[in-house]
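# Commentary on secondary and tertiary structure
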Amino acid sequence: MNGDEARQIVERETAHFLSRCSLMYTEKQAELITRALNYSVTMHDGQFRASGEPYIVHPIAVANLLLDIGLDHSTIAAALLHDCIEDTPATADEITTLFGAEVCMLVTSVTKLEKIIFKSKEEEQAENFRRMFFAMAKDIRVILIKLADRIHNMRTVGALSRERQVAIAKETLDIYAPLASRLGLSFYKCELDDLCLKTLHPDDFDKLVKDISLKRAERQDLVNHICETLRELLKKLEINGQVSGRPKHFYSIYKKMVGQNKTFEQIYDLTAVRVIVESVRDCYEVLGEIHTLWKPIPGRFKDYIAVPKPNNYKSLHTTVMTTYGMPFEIQIRTFEMHKIAEYGIAAHWKYKENRVVESDLDEKLEWLRGVMEYEKEQTADPREFYESLKLDLYSGQVFVFTPRGDVIALPDGATPIDFAYTVHSEVGNKCVGAKVNNKIVPLETKLQTGDYVDIITSAQSKGPSRDWLRFVKTSAAKSKIRAFFKHAMKEENIKHGKELLEREAKARGFALNDLLVPKWLDVIMQRYSFSSLNDLYASVGYGAYTPNQVLLKLIDFYRRENPVAQAVQATSSQVKHEGRGIIVKGNDDLLVRISKCCSPVPGDKIVGYISRGRGVTIHRDNCPNIKNAEQFRLIEAHWDDSRATPFVVSLTIECKDSGGVLAKITKTVSDMKLSIESMTARKVDKDNKGLISLNLRVNSPEQLEQIIKRMQSIRNVDKVYRTMN
């Protein structure tokens, strides 16, 4: 593209954009937008997108998308400037001076974190989302700009390499499309879904477009007939309203085909009919008449007016069997509900004549506030937050009732603990039990839609259990449980965290004090936002960070400045555990203990069992107690051959009741210079049979085998064998 062509495109795009703004904003507001546009054109001059277009086309397209939903002039200005700090010499201070603090805040919140150095692309992506959501919680306009930015990027993704196309489309499908849905921006969500389908599965998308096009004519007659029938129905009921047909977007049809293993010919509901009326009473009256006119299909009725979706979506959905012998979906809602359904959170700005009060807006942002509780408590690294966000976005919903009949929406798989913390933090902290449908149930029980949930609390409760973190579903519940341990048990957390760090440092051959050099600690403090060493200890103590997350960087600093000491450390780091020379696969900071049920000793084949709150318990691999154990709790373990330490073994000796036998056994032990820890002997039946139980300290598996052979050779000894307690 030559310079003249580029200039013509810029002039055409800017003229069209400014003409739209002049119709929507006051002269003073339009003047700010014009200045932002001119500044952005100047800053991006000479820059081109991968498609070959002048770069300024992108911020103008983003601003146009936000004009469509009627956002305020500050947001439009920020959209025009959103790539300036990242891609041009522009600075935040300059944007603040020229356009004000509000515009600058929006721009910097949207800007990617290109100037921060990350260990991996995954960590960078996760941190970007964490920062973006933190800014979004303060001002929802941040994510509206980001969503518009992503839509235009997806519209033009074809200019990129195939690898980049797939990566961007997957990220969009993972985060941005579900996020648009959660915020009620249905038209954004539908377009993002379809663009992702077109990018990830182009052949399927093209075939779907072709099939729908071929079937459109025959479907249109049916849609027109149903719409006309419903208009006559409204006239008969003397209800003012509108009726229209709405084709379903391609991705929803594709998902149904894949998820239900159906062909295109087996999908009937390609179009939904929408009835929009003035009041809630009208909605239910129309629904009743529709069910009289056409037979409703059981299980396909949803009342989102009585129980709205978490994004505040309200509507009645019903699927009926028409006289044509084909099922058809009909949606019934009020005009106000329709605004929210189409524009979601953006309706706050678009319909200024009916602007909602702040408390109403807060209600719409309830889900977002819950997600950001996770961030406020600083309980997870960016990647953990990113995974939690994906879980919250993708979770289906269950609707349960409080004892007073209020409805609470929770993610699919939520438990009574999630319910308790949704009601109030203190209800969760004081929870000692739960009733579901008047029956006491385990706290791990997964709730189902329609359940009545009653939380049993006690003033004497000492607080939540750390074990709850294993099964709670919502990020809000996790953050509040961690917050309890962070604040209510700070001293204990500090002590516990320091012990964990000392133990881990020792296992790696270091003294913790040698690693806590102030200039090294400053790096850790800044990275994880700690204000003091005690905060660091406490964070490790309550599980926000692992000892390794803190120590590995400190050890790296130590090795850089002490290259000679590194050689010494290499020999001492071979010690894996304080236990009995046991190595647990893939873990070097777990508490290891020997089970009492089978008392394994070196030489036995062993396996580890991960206990709740008690580290790893080592069993013999043929121990009856682990035969039916949960497989995911078993972990590979083996003896460390480099550490030969004495151990106690229990032996049982079956023999004839003879005083000489006992003397010969003790003499054999003495001859091998071994020590007896304890011994009992008793007569067991009338046939003069005796039983001797012996706890013996030996130095190696070979020595154990030798002592057993010698005892078996003693006269009147029938059998010698190891004992499981």
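One structure accompanies this document, and this report is about it. Position labels on residues start from 1 in each chain and follow its written sequence. Where local features are concerned, this predicted model is filtered to residues with pLDDT of at least 70; where side-chain atom pairs are given and counted, the filter is 80 or more; whole-chain, interface and lining totals use all residues. The side-chain quantities take in all heavy atoms of the structure and omit both hydrogens and water.

### A look at the sheet that holds strand 19 (residues 689–698)
So the rule is basically this: When DSSP finds two or more bridges between a pair of strands, those strands are recorded as paired. Under the scheme used here, helices are H or I runs from DSSP no shorter than 4 residues and strands are E runs no shorter than 2 residues, and both carry numbers assigned from the N terminus. Note on method: axes are straight lines fitted to C-alpha atoms, helices fitted across the in-contact stretch only, with angles between N-to-C directions ranging 0 to 180 degrees.
Here we have four strands laid out as an open sheet, ordered 18-19-17-20, and antiparallel in their pairing. Edge positions in the open sheet fall to strand 18 (675–683) and strand 20 (717–722), since each of these has one partner strand only. On average, each strand axis in the sheet is inclined to that of its neighbour by 15°, with strand direction left out of account. Pairing between strand 17 (residues 647–656) and strand 20: five bridges, direction antiparallel. Paired with C655 across the strands is V717, a residue of strand 20.

### Section: the pairing of strand 14 (residues 606–610)
The sheet contact formed by strand 14 and strand 15 (residues 616–620) spans five bridges and is antiparallel. Among the inter-strand pairings, G608 is bridged to a residue of strand 15, identified as I618. Pairing of strand 14 with strand 16 (residues 634–639) involves three bridges; the strand directions are antiparallel. Across the sheet, G608 pairs through a bridge with I635, a residue of strand 16.

### What about the sheet that holds strand 9 (residues 431–436)?
Applied cut-off: Residues count as neighbours in contact if any of their non-hydrogen atoms are within 4.5 Å of one another.
Strands sit in the order 10-9-11 across an open sheet of three strands; the sheet is antiparallel. Edge positions in the open sheet fall to strand 10 (439–441) and strand 11 (453–457), since each of these has one partner strand only. If you compare each strand with its neighbour and ignore which way they point, the axes differ by 35° on average. Here strand 9 runs beside strand 11; their pairing, made up of five bridges, is antiparallel. In the sheet register, A434 faces strand 11, and the bridge partner there is I455. Its contacts with the sheet place helix 20 (residues 416–423) against strand 9, strand 10 and strand 11, and it is angled at close to 80° to strand 11.

### Quick look at the pattern of salt bridges
Formally: One speaks of a salt bridge when a side-chain nitrogen belonging to Lys or Arg is within 4 Å of a carboxyl oxygen belonging to Asp or Glu. Residue burial is assigned from relative accessible area. The probe radius is 1.4 Å, only protein chains are included, and a residue is buried under 20% of its type maximum, exposed over 50%, and partly exposed in between.
With the rule as written, the count across this model stands at 17 salt bridges. Two residues, R20 and D68, come together in a salt bridge whose shortest N-O distance is 2.8 Å. Pair noted here: R20 is in helix 1 (residues 3–24) and D68 is in helix 3 (residues 57–68), with a separation of 48 residues, a long-range link. The class of R20 is partly exposed, set by a relative accessible area of 22%. We note a salt bridge from D718 to K656, for which the minimum N-O separation is 3.9 Å. Pair noted here: D718 is in strand 20 and K656 is in strand 17, with a separation of 62 residues, a long-range link. Classification of D718 by relative accessible area gives partly exposed; the value is 44%. Judged by its relative accessible area of 44%, K656 falls in the partly exposed class. Several salt bridges converge on common partners, so that one network encompasses D72, E102 and R141.

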